[in-house]
Structure formats: structure tokens, C-alpha cells
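Here are the chains, one letter per residue:
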Amino acid sequence: MKLVHEDEHGAYSGVHAEFLKEFVPKESNPNFEIYDSQDNHRRFIAVKSSRLPDDQDLAEGRYGIDFNRAKPELQEALRYGAELPHALENMKWLANTAFAATTKKEYDRKSSAWENFYSYIWGTKVKTIWVTPHSGSVARAPDDILPYPKTAVDAFTAGVAASCAFNHRNKALKRLMIYIHSSSFLGTLLELGGFGIIDEEKLAAVATKVEMKYHERAQILDDEHKQYFFLTATRWLEHIKNKTGTLNIKELEHISTTDRRRVELIVKELKLYGQEIKEFTPEEFKEAIDSLNNTEVPVISSNYIFPASHVGKILRISEKISQGLLHSALNIECSKLYLAREPELITNMILDIKNELFD
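The model shown is predicted, which means the values in this text are computed figures rather than measured ones.

Student: Would you take a moment to explain helix 3 (residues 104–119) for this structure?
Tutor: Look at helix 3: 22 Å from first C-alpha to last across 16 residues, which is about the 22 Å you get at 1.5 Å a residue. As for helix 3, its buried residues are in contact with strand 4 (32–37), strand 5 (42–47), helix 1 (74–83), strand 6 (127–132) and strand 7 (175–183).

Here it is, written out as C-alpha cells:
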């Protein structure tokens, strides 16, 4: 049952009437939407705007904001804005800063949007809050800096988050925030990130338990999952090699830290499948990717590629917990292919994980 509208790229644009049988709107603006369940124990937050800082329509109030990053100070946002679009090649901006600005007026508007967004997350009432911070559409034109801007959409996350919120009817016992993202790379079908606040052994134990339950069923798209990675990784590696002349991580540090991060992710995910990259040549990457054919897809991991500990620090989640404004939080990275093709499977897995960790 489809509960939200998503375009061909998986970007969220609104909810279906079926969803409104259980949920009522709290706020809708050009950047995000908020819905609460009628029992007031569940909240669904979906972003509609782009996460890219130069992909926006200021006149319409649609801002380029990464709601999974910290609100900058005025001067930091102005420096970010002055360096665009080349700031997108520097990982320090993308890893830390929610938005850029060119004037104080623009900064104030974006600050207000960011603060309004988090006013629906921090609080004292018992509630499970399902959040998709990168589910908005991307309209930015491709260029050498970001040749595939549509991949910046966390595709089909809103549909699964809405399904989790809709189908999990258990009375909330604590105030929880669950972020759902998507990944185009190899990895596992789900990766659990504890934001640096969840005990790592507990997280790993839950991952192992749910893996055992779903491993066989999850192999249904294993070949397509690996083929999707093959196409995505090959396209990025060819682009980075053509643009920079290298795939060496140390050399990329001085050229584009964002491209370095992309190569690091590919290397780390190949290692998860038993493939080591040492020379960083196109031929070595091709051989490693070609060797994936006979490997089963691991279903769930924890704190491997996306532990979310850095995000936990910049969002000050531990501080919010100590203030009584949240009990705990979980970050979940999902395979884009499985989100699109097997949303019911991903929903069931996430709900099992939520129950094991928190209920």
C-alpha cells in the first residue's frame, strides 16, 4: 500500500489519503512536512527541499538545507556561500554545515527553517519520530563538481518511513528519533548507526539477530544489488579519474576531499565483501568489482560505514538527552534498490530492529 507520493527518482512530495486515516498534518511548508498520528504517539517528518546548498528557490521559500547537519553561525554560512559551487568539493562543508547564505536576511530565513524543523524533534512528550532528512527533490543542473545531482536524493526513504510510522501501532514508551537514509553503494541492505549514544555491543547483537531472520529472504535481489553498485561505482570512479587524474586517496585529499570520500566509501564497501584495494588503479577496482558475482549480500551491519557518531556530536544529541528532550536515536542507511523494489521487506526489518532496541 503506497502511503506517500514519490517521483521517479524517489523524492517525496506529499502523503496519500490513506495515510491521513491515521495521521493529521501539523505543518507543511516548502521545505518539510510534519504529521502526527491520531493517538499522538507517532510523528512523521519528511523533507521536500534539496539538501544541496545551491539548489534552492529563495523567492518561493524553498531552501537548500541539509537537515542532518548543524546550523552554522552567520559568518560560517557567508563563507560557505562565497565559496559555492566549489565548496561542494570540500568535505568540511558537506560534513558539518546545514546551509550556505549570501546575506544576513537569507541566513535568518534558513536559520528559522532549521530551528523550526528541530522544534518537532526535541521535546518532552513520549513519541516515536520517523525522520527522512534528505528525501527532498533535487533540481540542480549537473556539472563537473556534481555530475549526478539526482543521486543526492535519499530515494524512497519517505515511503518506508511513512510505512513504519503507519504500521507500528505500539504505544510509545520513550521519545525516540529514527532517521532513515539511503545509499547507492554496496554495503549491506541496512546499516545501523548509533549516533555515538547507543551501546555498540547491543547494536551489533540486534543486527546479528535480525540478519538471521531475514538473510535468506533478502537475497531475492542480490544480483541486482551488486549490479546496481557496479554501475554506480564505475560511473563515479570514471568521473573522478577523468576529472582529477587519480583515484589515490592521499592525492585526492589535495584536490577534492568530497571525491576522496566517495573513493573511500567504495574501498570500504568492497572490503566488506572481501575485496582489498591497495594500488587504487582503475584496473584493480574493476577486478575487485568483477569478483563480487558469487558473494552473498550481508543483510545488516552496525557502525561500519555510517556510524552517525559525527552527526550525533554536531547535533548535540547527548546534550539533548541530558536535558530530557530525547531518550535515544537511531540512524539507518538503506539500499536504494531495496527501498524502491522491496519497501515492505525493509519496513518489516526496520520495525523488528526498533522493537529489539527500544520496546
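Having seen it, we continue.
Student: Can you help me understand the packing of aromatic side chains in this one?
Tutor: The geometry of an aromatic ring pair is captured by the separation of the ring centres together with the interplanar angle, meaning the angle of the planes. Scanning the entire structure with this criterion turns up 17 aromatic pairs. Through a chain of ring-to-ring contacts, three or more aromatic side chains come together here, namely Tyr12, Phe19, Phe23, Tyr35, Phe44 and Phe166. In this structure, arginine 235 is placed above the aromatic ring of tyrosine 148, and the distance from its NZ or CZ to the ring centre is 3.9 Å.

Student: Mind showing me how you'd approach helix 13 (residues 343–358) here?
Tutor: Along an α-helix, a turn takes 3.6 residues, which lines up residues three or four apart on a common side. Taking 1.5 Å per residue, 16 residues should reach 22 Å; helix 13 reaches 22 Å between its end C-alpha atoms and fits that length. Among the residues of helix 13, those classed as buried are Leu345, Ile346, Thr347, Met349, Ile350, Leu351, Asp352, Ile353, Lys354, Leu357 and Phe358.

Student: Honestly, the pairing of strand 2 (residues 12–15) in this entry has me stumped. Any pointers?
Tutor: When strand 1 (residues 4–6) meets strand 2, the two strands line up antiparallel, connected through three bridges. Within strand 2, the residue paired with histidine 5 across the bridge is glycine 14.

Student: Can you help me understand the sheet that holds strand 9 (residues 300–302) in this one?
Tutor: Pairing between the strands of a sheet comes from backbone hydrogen bonds, and it takes one of two forms, parallel or antiparallel. Strand order in the open sheet made by the eight strands is 3-4-5-6-7-10-8-9, with mixed pairing throughout. Two strands close off the open sheet at either side, each with one partner strand: strand 3 (23–28) and strand 9. Strand after strand, the sheet turns through a mean of 20 degrees between neighbouring axes, direction not considered. By the bridge criterion, four bridges tie strand 8 (residues 190–193) to strand 10 (residues 328–335) in an arrangement that is antiparallel. Bridge pairing in strand 10 links glutamate 191 to glutamate 333. The strands that helix 5 (residues 200–218) touches are strand 8, strand 9 and strand 10; relative to strand 9, the one it contacts most, it runs at about 175 degrees.

Student: Teacher, can you tell me more about the side chain of serine 328 here?
Tutor: Tracing the backbone through its elements, the reader meets serine 328 in strand 10. Excluding its chain neighbours within four sequence positions, the residues that come into contact with serine 328 are Arg175, Leu176, Met177, Ile197, Ile198, Ile321 and Phe358.

Student: In this structure, what is going on with the packing of helix 5 against helix 13? I would like to understand it.
Tutor: Relative placement of two packed helices is described by the angle separating their axes and the distance separating the axes. Direction vectors running N to C along helix 5 and helix 13 enclose 150 degrees, while the axes themselves pass 10 Å from each other. The angle between helix 5 and helix 13 places the two elements in the roughly antiparallel class. Both helix 5 and helix 13 take part in a crossing whose hand is right-handed. For the pair helix 5 and helix 13, the contacting residues are Lys202, Leu203, Val206, Lys209, Val210, Lys213, Tyr214, Arg217 and Ala218 in the first and Leu345, Asn348, Met349, Asp352, Ile353, Glu356 and Leu357 in the second. For the contact of helix 5 with helix 13, the class distribution of residues is nine nonpolar, one polar and six charged.

Student: I keep staring at the nonpolar core and nothing clicks. Help me out?
Tutor: As a rule of thumb, nonpolar side chains are buried together in soluble globular proteins. In terms of nonpolar packing, the biggest core is built from 81 residues, with Phe44, Phe285, Leu330 and Ile350 touching the most fellow members. Ranked by residue count, the leading element in this core is helix 13, at eight residues. Other than its neighbours up to four places away in sequence, leucine 330 contacts Met177, Ile178, Tyr179, Leu192, Gly193, Phe195, Ile198, Leu203, Ile353, Leu357 and Phe358.

Procedures and definitions
- The numbers attached to residues start from 1 for each chain and follow its sequence in the written order.
- Selection of residues for local features in this predicted model requires a pLDDT of at least 70, selection of side-chain atom pairs for listing and counting requires 80 or more, and totals for whole chains, interfaces and linings are taken over all residues.
- Based on all heavy atoms of the structure, the side-chain values leave hydrogens and waters out of the count.
- In DSSP terms, a helix is any run of H or I states spanning at least four residues, a strand is any run of E spanning at least two, and both are numbered starting from the N terminus.
- What a helix is expected to span follows from its residue count: subtract one and scale by 1.5 Å.
- Any pair of residues with heavy atoms lying within 4.5 Å of one another is described as a contacting pair.
- Stacked, tilted and edge-to-face pairs are distinguished by plane angle, under 30 degrees for stacked and over 60 for edge-to-face with tilted covering the rest, among Phe, Tyr and Trp rings (Trp via its six-membered ring) whose centres lie within 6.5 Å.
- Charge-over-ring placement is defined geometrically: NZ (Lys) or CZ (Arg) within 6 Å of the ring centre, and within 35 degrees of the ring normal.
- Each residue is assigned to one of three classes by its accessible area relative to the maximum for its type, calculated with a 1.4 Å probe on protein chains only: buried under 20%, partly exposed between the two thresholds, exposed over 50%.
- A pair of strands is considered paired only if DSSP assigns at least 2 bridges between the two.
- Lines are fitted to the C-alpha atoms to define the axes, a helix being fitted only along its stretch in contact, and any angle between axes, read from their N-to-C directions, falls within 0 to 180 degrees.
- For this classification, under 35 degrees means roughly parallel, over 145 means roughly antiparallel, 65 to 115 means roughly perpendicular, and everything else is oblique.
- Two helices crossing with the near one rotated counterclockwise from the far one by less than a right angle form a left-handed crossing, whereas a clockwise rotation gives a right-handed crossing.
- Residue polarity follows a fixed list, in which Ala, Val, Leu, Ile, Met, Phe, Trp, Tyr, Cys and Pro are nonpolar, Asp, Glu, Lys and Arg are charged, and the others, Gly among them, are polar.
- For this analysis, a nonpolar core means a set of buried residues of the types Ala, Val, Leu, Ile, Met, Phe, Trp, Tyr and Cys, connected via side-chain atoms within 4.5 Å.

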